[in-house]
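Understanding the architecture of this molecule
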Amino acid sequence: MKLGIVGSGIIVKDFLSIAHHLKHTTILSLCSTKRSEDDARALAKEYLIRHIFTDYVDFLKCEADTVYLGLPNHLHFSYAYQALLAGKNVIVEKPFTPTIEQATILSRTAREKHLFLFEAVTTLYQPDYRRVKELIPSLGSVRLVRCSYSQYSRRYDRFKNGEVLPAFDPACAGGALMDINIYNLHYAAGLFGMPESVHYFANIERGIDTSGVLLLDYGSFLCTLTGAKDCSAPNSCIIQGDKGYLIQDSPANICEGGRVILNDGSKETVADHSYSHRMISEFLEFENMILSGDLTTCYRYLDHTLCVCEILTQARRMAGIVFPEDGQEVQ
Ligand SMILES: NC(=O)c1ccc[n+]([C@@H]2O[C@H](COP(=O)([O-])OP(=O)(O)OC[C@H]3O[C@@H](n4cnc5c(N)ncnc54)[C@H](OP(=O)(O)O)[C@@H]3O)[C@@H](O)[C@H]2O)c1
């Protein structure tokens, strides 16, 4: 794949550090803001990226077939839409878009144009997550699912002092649900699909959720998903069935390791250590799907992303968290 990257922040640097694992990918170009051009040039030098742009329209004219967007959340839709219209495959960092309405447009556009469109969310592509999926039937009837991902954000200190950074800004589609609880949601919806109903109870300060509990009601069982940027705790994912339980002592973005403990005393350990970094497996899969022309699998993941966007939008609106995109007309 011939890749063009947009953004020069934390996640792009993380990706560049593992990009050498993609043996069939060349990074052709990097698009940054004017204010970050020096940073982008330093990255280009370090990772041998040929072209630097500070204008997105010019960037889209380059010969990359796939664009990776590592941008603040509120820019995901417009940048992805323009890239699709320019005939590029698109990999969008999580959260896919601020609203389900925008997600639906991107999905429809990609399908009409037979282009690949992915939400980069590490959870779904972790080998241990796949193993968890296989092990669920051994737990009997699932009764409860609990996922916790809390990480005290240094940006919360600044938020408390009155500064509003994108991660806590409704205008930038920030908040704990979009930033951190989204991994728990991908975890649960990836295993169980669309729930019968969704409820979100949040700690809201100045219009944004700094932490909260998302409750998914599947009729025969309940999932509680806790995400926090204003406090910390040990992170885990636990699935409880009437024949036993499965526990992963890691946050849902990493999904590493785990144990199944059944009521009859039998135990199984989950531990695949194939990858040294959480982003390797997802990008290897993106590369593989694109190179093999496997749109069917890509669109299956896209259907899952739409399910997650629907839940996020319902939950957020229910809690009274308003993004500028909520009032906007989309084509
Ligand atoms: N950080 C993580 O661990 C992590 C993990 C998974 C997913 N993500 C997702 O990745 C995305 C980016 O997060 P981040 O943590 O990397 O944020 P970040 O460090 O703030 O980086 C955002 C980047 O986007 C650039 N940017 C802003 N507007 C732009 C424009 N119009 N054209 C080109 N570049 C532009 C910023 O440039 P300036 O600095 O010049 O504004 C900055 O380089 C978010 O959607 C986030 O949810 C992040």
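Scroll up to find the structure this text is about.
Right, let's walk through the structure included here. As the structure is a prediction and not an experimental result, all values here were calculated from the model.

Some points on the overall build of the protein chain
Within the protein chain, the secondary structure is distributed over 10 helices and 14 strands. Its C-alpha atoms give the protein chain a radius of gyration of 20 Å, within 12% of the compact-globule value 20 Å for 331 residues. Expressed as a percentage of its 331 residues, the buried residues of the protein chain come to 56%. For the protein chain, the proportion of contacts with a sequence separation of at least 24, taken over those separated by at least 6, is 69%. With an accessible surface of roughly 14200 Å², the protein chain has 51% of that area assigned to carbon and sulfur atoms. Here the protein chain carries 32 positive and 39 negative side-chain charges, and the mean point of each set is 3 Å from the other.

Structural notes on the pattern of salt bridges
This model, assessed by the stated rule, comprises 16 salt bridges. With a shortest N-O distance of 3.6 Å, Lys 61 and Asp 58 are connected by a salt bridge. With relative accessibility at 35%, the residue Asp 58 sits in the partly exposed group. Between Arg 130 and Glu 285 there is a salt bridge whose closest N-O contact spans 2.6 Å. Placement of the pair is Arg 130 in helix α6 (residues 127–135) and Glu 285 in helix α9 (residues 280–292), with a sequence separation of 155 residues. One network of salt bridges, in which partners are shared, links Glu 101, Arg 316, Arg 317 and Asp 326.

Some words on the site of the ligand
Of all residues adjacent to the ligand, which total 23 residues, the nearest are Thr 33, Arg 35, Ser 36, Asn 73 and Tyr 79. At 2.9 Å from an oxygen atom of the ligand is found a main-chain nitrogen or oxygen belonging to Ile 11. Isolated, the ligand exposes 890 Å² of accessible area, and the fraction of that covered by the protein chains is 76%. Only α1 (10–18) and α4 (76–85) provide two or more residues apiece to the shell around the ligand. A class-by-class count of the residues in the shell around the ligand yields 10 nonpolar, nine polar and four charged.

Focus: the packing of α6 against helix α8 (residues 176–192)
A packed helix pair is summarised by two numbers, namely the angle formed by the two axes and the spacing between the axes. It is at 10 Å that the axes of α6 and α8 come closest, and there the two elements cross at 40°. Classified by the angle between their axes, α6 and α8 sit oblique to one another. Judged by the twist between their axes, the crossing of α6 over α8 is right-handed. Residue-level contacts link Tyr 129, Val 132 and Lys 133 of α6 to His 186, Tyr 187, Gly 190 and Leu 191 of α8. Among the residues forming the contact of α6 with α8, the class breakdown is four nonpolar, two polar and one charged.

With respect to unusual backbone geometry
Residues Lys 94 and Pro 95 are joined by a peptide bond in cis, for which omega reads -10°. Examined against the element boundaries, Pro 95 turns out to sit in the loop between β5 (89–93) and α5 (100–112). In this model, His 114 sits at a positive phi of 55°, which is unusual for a non-glycine residue. Tracing the backbone shows His 114 in the loop between α5 and β6 (117–120). By relative accessible area, which is 58% here, His 114 ends up exposed.

Rules used in this analysis
Counting restarts for each chain, with residues numbered from 1 along the sequence as it is written. Local features in this predicted model are restricted to residues whose pLDDT is 70 or higher, and side-chain atom pairs enter the listing and the counts only when it is 80 or higher, whereas totals over whole chains, interfaces and linings include all residues. Only heavy atoms go into the side-chain values, all of them from the structure, while hydrogens and water stay out. Secondary structure elements follow DSSP: runs of H or I no shorter than four residues count as helices, runs of E no shorter than two count as strands, and numbering proceeds from the N terminus. Radius of gyration here uses only the C-alpha atoms, and the compact-globule reference equals 2.2 Å multiplied by the residue count raised to the power 0.38. Burial classification: accessible surface area is computed with a 1.4 Å probe over protein chains only, and a residue below 20% of its type maximum counts as buried, one above 50% as exposed, and the rest as partly exposed. Note on contacts: a residue pair qualifies if any of its non-hydrogen atoms lie within 4.5 Å across the two residues. Only the protein chains shown count as cover for residues, with accessible areas throughout obtained via the Shrake-Rupley method and a probe of 1.4 Å. We treat Lys and Arg as the positive residues and Asp and Glu as the negative residues; His and chain ends play no part in the count. By convention, charge coordinates are those of NZ in Lys, CZ in Arg, CG in Asp, or CD in Glu. By salt bridge we mean one thing: a side-chain nitrogen of Lys or Arg within 4 Å of a carboxyl oxygen of Asp or Glu. A cutoff of 4 Å decides nearness: a residue is near a molecule or strand if any of its heavy atoms lies inside that distance of it. Polar contacts, as used here, are pairs of N or O atoms within 3.5 Å; protein pairs need one atom able to donate a hydrogen and one able to accept it. Residues neighboring in sequence count only if both atoms are side-chain atoms. Residues are sorted three ways: Asp, Glu, Lys and Arg are charged, Ala, Val, Leu, Ile, Met, Phe, Trp, Tyr, Cys and Pro are nonpolar, and all the rest, Gly among them, are polar. To get an axis, fit a line to the C-alpha atoms, keeping to the stretch in contact for a helix; angles then go from 0 to 180 degrees between the N-to-C directions. Orientation categories follow fixed angle ranges, with anything under 35 degrees roughly parallel, anything over 145 roughly antiparallel, 65 to 115 roughly perpendicular, and all other angles oblique. Less than a right angle of anticlockwise turn of the near helix away from the far helix marks a crossing as left-handed, whereas a clockwise turn marks it as right-handed.

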